[in-house]
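Structural features, examined
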Amino acid sequence: MIRTEGLKMEFRVGFFRKRVVALKGLTMEVKRGEVFGFLGPNGAGKTTTLKILMGLVHPTGGAAWLMSRPISDSSVKKNIGFLPEQPYFYDYLTAAEFMDLSGRLFGMRKKEREARAGELLDMVGLSGVKNLQLRKFSKGMQQRIGIAQALINDPELVVLDEPMSGLDPVGRKQVRDIILGLKDGGKTIFFSTHILPDVEVICDRVGILVRGELRAMGTVDELLSGTQVKSVEMTFAGVSGEEFSRLERMSSGMVTRGNETTAAFGDQEAARAAKRLVFESGGEIISLIPHKSSLEDLFMEEVGKGRK
Amino acid sequence: MKVYAIAINTFKEVIRDKIFYSLVFFAMLLLGSSVLLSTLTLGERSKIIEDLSLSSIEIFGVIISIFVGIGLVNKELEKKTIYIIISKPIKRWQFLLGKYLGLSLVLLSYISVMTVCYMLALYMYTNKLPWQTLMAVLLIYVELLVVTASAVLFSTFSTPTLSASYALALYVIGHMTEDLRGLAAKTGQAGVKAVLKFVYYFLPNLEDFNIKARTVHAIPVPAEYILMSVSYGLMYVMAILALSVLVFQRRNFK
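Everything quoted here is computed from the prediction, not taken from an experiment.

What follows covers the overall build of chain B. Scanning chain B from N- to C-terminus turns up 11 helices and zero strands. N-terminal to C-terminal, the α/β element order of chain B is α-α-α-α-α-α-α-α-α-α-α. Radius of gyration (C-alpha) of chain B: 20 Å, near the 18 Å computed for a compact globule of 254 residues. Principal axes of the C-alpha set define a box for chain B whose edges measure 60 × 55 × 30 Å. Across the 254 residues of chain B, 50% fall into the buried class. Excluding contacts between residues fewer than 6 apart, the proportion of contacts in chain B whose partners are at least 24 apart in sequence is 80%. Of the roughly 12,100 Å² that chain B leaves accessible, carbon and sulfur atoms contribute 72%.

Below, the discussion takes up the confidence of the model for chain A. Interpreting fine coordinate detail is not advised for predicted regions of low pLDDT. With 98% of its residues at a pLDDT of 70 or more, chain A has an overall mean of 87. For chain A, the element scoring lowest by mean pLDDT is helix H10 (residues 295-307) of chain A, at 76; helix H2 (residues 95-105) of chain A scores highest, at 93.

Here we take up empty space enclosed by the protein. Residue and element names in this part refer to chain A. Summed over all chains, the structure comprises one cavity of 30 Å³ or more. The calculated volume of the largest cavity comes to roughly 40 Å³. Elements represented by at least two residues in the lining of the largest cavity include exactly strand E6 (80-83) and helix H4 (139-150). Ranked by residue count, the leading element in the lining of the largest cavity is E6, at three residues. Among the residues making up the lining of the largest cavity, the classes are represented as five nonpolar, three polar and one charged.

To continue, consider the pairing of strand E13 (residues 260-265) of chain A. Residue and element names in this part refer to chain A. Covered by surrounding structure in E13 are Thr261, Ala263 and Phe265 only, the residues Glu260, Thr262 and Ala264 on the alternate face being uncovered. Inspection of the sheet shows strand E11 (residues 229-237) paired to E13 by five bridges, in the antiparallel sense. Within E13, the residue paired with Val232 across the bridge is Phe265. Linkage of strand E12 (residues 253-257) to E13, two consecutive antiparallel strands, is achieved through a turn of two residues, within which Gly258 is found at a positive phi near 60 degrees.

The space that makes up the largest pocket amounts to roughly 330 Å³. Taken together, A:Met9, A:Glu10, A:Phe11, A:Arg12, A:Arg17, B:Leu77, B:Glu78, B:Lys80, B:Arg251, B:Asn252, B:Phe253 and B:Lys254 make up the full set of residues lining the largest pocket. Looking at the lining of the largest pocket, the elements that each hand over two or more residues are strand E1 (2-13) of chain A together with helix H3 (45-78) of chain B. Among the elements that line the lining of the largest pocket, the one with the most residues is E1(A), at four residues.

Mapped onto the elements, B:Lys2 comes out in helix H1 (residues 2-15). Buried and unpaired, B:Lys2 has A:Asp73 as its nearest opposite-charge partner, separated by 11 Å. Within the local environment of B:Lys2, its side chain forms a polar contact with the backbone oxygen of B:Pro89, the two atoms lying 2.7 Å apart. If we ignore the near neighbours within four places in the chain, the residues touching B:Lys2 are A:Arg104, A:Leu105, A:Phe106, A:Gly107, B:Pro89, B:Ile90 and B:Gln94.

Quick notes on the rules
Residues numbered from 1 in each chain as written. Chains lettered and ligands numbered in written order. Predicted model: local features only at pLDDT ≥ 70, side-chain atom pairs only at ≥ 80, totals over all residues. Heavy atoms only, no water. Helix = DSSP H or I, 4+ residues; strand = E, 2+ residues; numbered from the N terminus. Rg over C-alpha atoms; globule rule 2.2 N^0.38 Å. Buried < 20%, exposed > 50% of the residue type's maximum accessible area, 1.4 Å probe, protein only. Contact = heavy atoms within 4.5 Å. Areas by Shrake-Rupley, 256 points an atom, 1.4 Å probe, with all protein chains shown as cover. pLDDT = per-residue confidence, 0-100. 1 Å grid on protein atoms, 1.4 Å probe; cavity = no way out; pocket = protein on both sides within 12 Å on 5 of 7 lines; lining within 4 Å. Points joined across faces, edges and corners; volume = space filled by probe spheres on them. Nonpolar A, V, L, I, M, F, W, Y, C, P; charged D, E, K, R; others polar. Pairing = 2+ DSSP bridges. Lys, Arg positive; Asp, Glu negative; His and termini not counted. Salt bridge = Lys/Arg side-chain N within 4 Å of Asp/Glu carboxyl O. Polar contact = N/O pair within 3.5 Å; in protein donor to acceptor, adjacent residues only side chain to side chain.

Structure (structure tokens):
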């Protein structure tokens, strides 16, 4: 669906035309029917990549294809829907007018435009305010109308730039549900984000971009396989005196709240020993949670590597 | 179809903007004041009204052309609305042409409304309808089309403030190109002569579109002259727009 090869982008900024490299030879692929999460800290080059794919900026090197056609071929855009980061719309238009304009730009007929716009406004829950000017829309509503306009042409590939940023938990859940709905409908979704918990829930594969370089790519499980249990957290009650002091020495940190104490142990071996000690001293274990590396740890590690 | 969609959207954009109405309001005010001023004159009242009205239609038209024209592309870039448009299957030249036609449509409505008001005012106060001045209005419109195209061109590569200054300078110099030619004939220095001649041939001769005085004083203007001026203006517009597209095509939207 999307393929890039050695994609490079350089900008010249400021009075002295200082060179800024936004992308250092990005090579990646997004397959048909998958939800691909494009991760990276701010300024990593995610938006630049998306803009290149959408023909908004011209790359300074490398090549990219959308549905096996080069990005310079604007006819390919017929089958693509795009939502830019923090989208701004024509705020003097009403929701219905804006959807109509989007449909016109795809050369859709009036009947088709109206039917599709109605359907989509329903889907994103905005049909009640379709005659309201967009300037009166809240941030969440703007994001939803943005998604609706991106789907007007029933695209095969949906590209979303930070679809969840700036939304409250309810808004994020709505966007997540829309993405999952699209996936069920057989669409390919490529979106950039830095909201990691969402990625783990909805993405088939992810790519991590740091300072213009792709550091990792694969399914979430692939990326996290090989990571060990990092620590074990145990909450217990009813232990006191000498045993309590021993537990404190074994753990890497301990917090007591009321009768309950939560202790962290560096590995499973230490946790097992602690568990035995609690039982032997007549105490009670309330919970025992092993912590594996999360996508967030991997992300932080990859971002950190570059800094060193 | 796509050009039409962008043009209609641009038309809505300008028509729903308060700035447009305040400009039209001031143009009307000036038109009204021409009636008031005419009462102070000893000569023919109608000439004062015609003269002042035509001039105010032109001046406010130029202000709308330049200040709305430079915003056409810049606003889209600044508000990033262009991302939504360019990511759809539309070519950049279609976008630019649509924007231009949208504003041309606004100017056409503006000039029509103003002309109707002006004719009405004249009829009410002098009982005359000077139809020949409509030719002057036509050429004012063609002039506005040229000024708008240049505002669009400047805004494809420059900031709003600079674009406005360039477009305004072009308007002023465009009205003085005859003087430039005269100066070129008189100067002895070859370098200065070449520069002046270049400016004369390169910049639009906007004075060509000015037949206000002639129509007000009922001096006949040959139909061929009008036809030539209109063709000249439209060709100039096409050339400027082609240049704008060339610049816009290469632009990165950061």
